[in-house]
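# Remarks on the overall topology
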Amino acid sequence: MDRRIYSLIDVFLDDLKHHWTNDEMARYCNLSTSHFVRLFREQTLSTPNSFLNNARLDRVEILLLQTDFLLLKEIGVAVGFVNYTHFARDFKKRTGLSLSAFRQRGWNKKTILRSPGNQ
């Protein structure tokens with residue numbers, strides 16, 4: 001993978017709350033915007049915004065399964081989703097489950113895995 005794109009992805013993953021524009025990402029990579037978008041797509045098979053959105057949704061899945069104290073809206077804000085409705089819709093489109101159903105399903109599996117008969 002191109003080192004500029006790889007470096008940018010590291011920055012993405014370190015701070016998912018940041019709202020990147022294509023121009024800003026291109027400047028970070030020291031490329032024109034059109035060249036950046038083309039190179040990013042060639043390297044990742046995704047647009048920059050789709051890649052970032054998927055990275056955010058990956059982190060949401062982890063947070064839903066690892067925490068029970070964060071509100072769903074707090075999780076969305078923590079990973080950079082500004083609009084809760086958009087966040088919830090994207091998550092359901094990706095997983096087929098609502099945020100709360102995904103969390104409940106994950107916690108139920110953890111409970112089953114930790115039950116005395118399964119140790």
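Before going into details, it helps to say that this report is about the structure given with it. Throughout, a residue's number is its position along its own chain's written sequence, starting from 1. With the structure being a predicted model, the display of local features is reserved for residues of pLDDT at least 70 and the display and counting of side-chain atom pairs for 80 or more, all residues being used for whole-chain, interface and lining totals. Only hydrogens and water are set aside; all other atoms, that is, all heavy atoms of the structure, feed into the side-chain values.

## Overview of helix α6 (residues 84-95)
Residues three or four positions apart in an α-helix share a direction because the helix packs 3.6 residues into each turn. Elements are defined by DSSP. Helices are runs of H or I of four residues or more, strands are runs of E of two residues or more, and each kind is numbered from the N terminus. Multiplying one less than the number of residues by 1.5 Å gives the expected span of a helix. Helix length check: α6, at 12 residues, gives a terminal C-alpha distance of 16 Å against a target of 16 Å (1.5 Å per residue), a fit within 8%. Burial classification: accessible surface area is computed with a 1.4 Å probe over protein chains only, and a residue below 20% of its type maximum counts as buried, one above 50% as exposed, and the rest as partly exposed. Of all the residues in α6, the buried ones are Phe 87, Asp 90 and Phe 91. Viewed along the axis of α6, the buried residues span an arc of 100°, placing them on a single side of the element. Every exposed residue of α6 that faces more than 90 degrees away from the buried side is listed here: Thr 85, Arg 89 and Lys 93. Once α6 ends, the next one or two residues include Gly 96, with phi positive near 80°. This arc is taken over the directions from the axis of the helix to the C-beta atoms.

## Structural notes on empty space enclosed by the protein
A 1.4 Å probe that fits but cannot get out identifies a cavity on a 1 Å grid over protein atoms alone, an open set with protein on both sides within 12 Å along at least five of seven lines counts as a pocket, and a residue lines either if it has an atom within 4 Å of a point. Grid points are joined across faces, edges and corners, and a volume is the space filled by probe spheres set on the points. Inspection of every chain in the model, using the stated rule, returns 1 cavity of 30 Å³ or more. Space inside the largest cavity adds up to approximately 30 Å³. In this structure, the largest cavity is lined by Lys 73, Gly 76, Val 77, Phe 81, Val 82, Asn 83 and Tyr 84. Considering each element in turn, the lining of the largest cavity owes the most residues, 3 residues, to helix α5 (residues 72-78). The residue classification treats Ala, Val, Leu, Ile, Met, Phe, Trp, Tyr, Cys and Pro as nonpolar and Asp, Glu, Lys and Arg as charged. All others, Gly included, are polar. Residues of the lining of the largest cavity, tallied by class, amount to 4 nonpolar, 2 polar and 1 charged.

## Some remarks on the packing of helix α1 (residues 3-14) against helix α4 (residues 48-66)
Two elements in contact, α1 and α4, have axes whose closest approach is 10 Å; the angle formed by their N-to-C orientations is 40°. Here α4 runs oblique to α1, going by the angle between their axes. For α1 against α4, the interelement crossing comes out right-handed. Two secondary-structure elements touch here, α1 through Ile 9, Phe 12 and Leu 13 and α4 through Pro 48, Phe 51, Leu 52, Ala 55 and Arg 59. Helix axes are fitted to C-alpha atoms over the stretch in contact, other axes to C-alpha atoms as well, and angles between N-to-C directions run from 0 to 180 degrees. What sets the label is the angle itself: under 35 degrees gives roughly parallel, over 145 gives roughly antiparallel, 65 to 115 gives roughly perpendicular, and the rest give oblique. With the far helix as reference, a near helix turned anticlockwise by less than a right angle produces a left-handed crossing, and one turned clockwise produces a right-handed crossing. What makes two residues a contact is simply this: any of their non-hydrogen atoms within 4.5 Å.

## Some details on α4
The end-to-end C-alpha separation of α4 is 27 Å, in line with the 27 Å expected for 19 residues at 1.5 Å each. Looking at α4, one finds that the buried residues are Pro 48, Leu 52, Asn 53, Ala 55, Arg 56, Leu 57, Val 60, Leu 63 and Leu 64.

## Let's talk about the nonpolar core
Definition used in this section: a nonpolar core is a set of buried Ala, Val, Leu, Ile, Met, Phe, Trp, Tyr and Cys residues joined via side-chain atoms within 4.5 Å. Residues Leu 8, Phe 36, Val 60 and Leu 64 are the most contacted members of the largest nonpolar core, which totals 28 residues. Those elements that place two or more of their residues in this core are α1, α2 (22-29), α3 (33-44), α4, α5, α6 and α7 (99-114). With 6 residues, α4 is the single largest residue contributor to this core. Apart from residues lying up to four places away in sequence, Val 60 is in contact with Ile 75, Val 79, Phe 81, Phe 87, Phe 91 and Leu 99.

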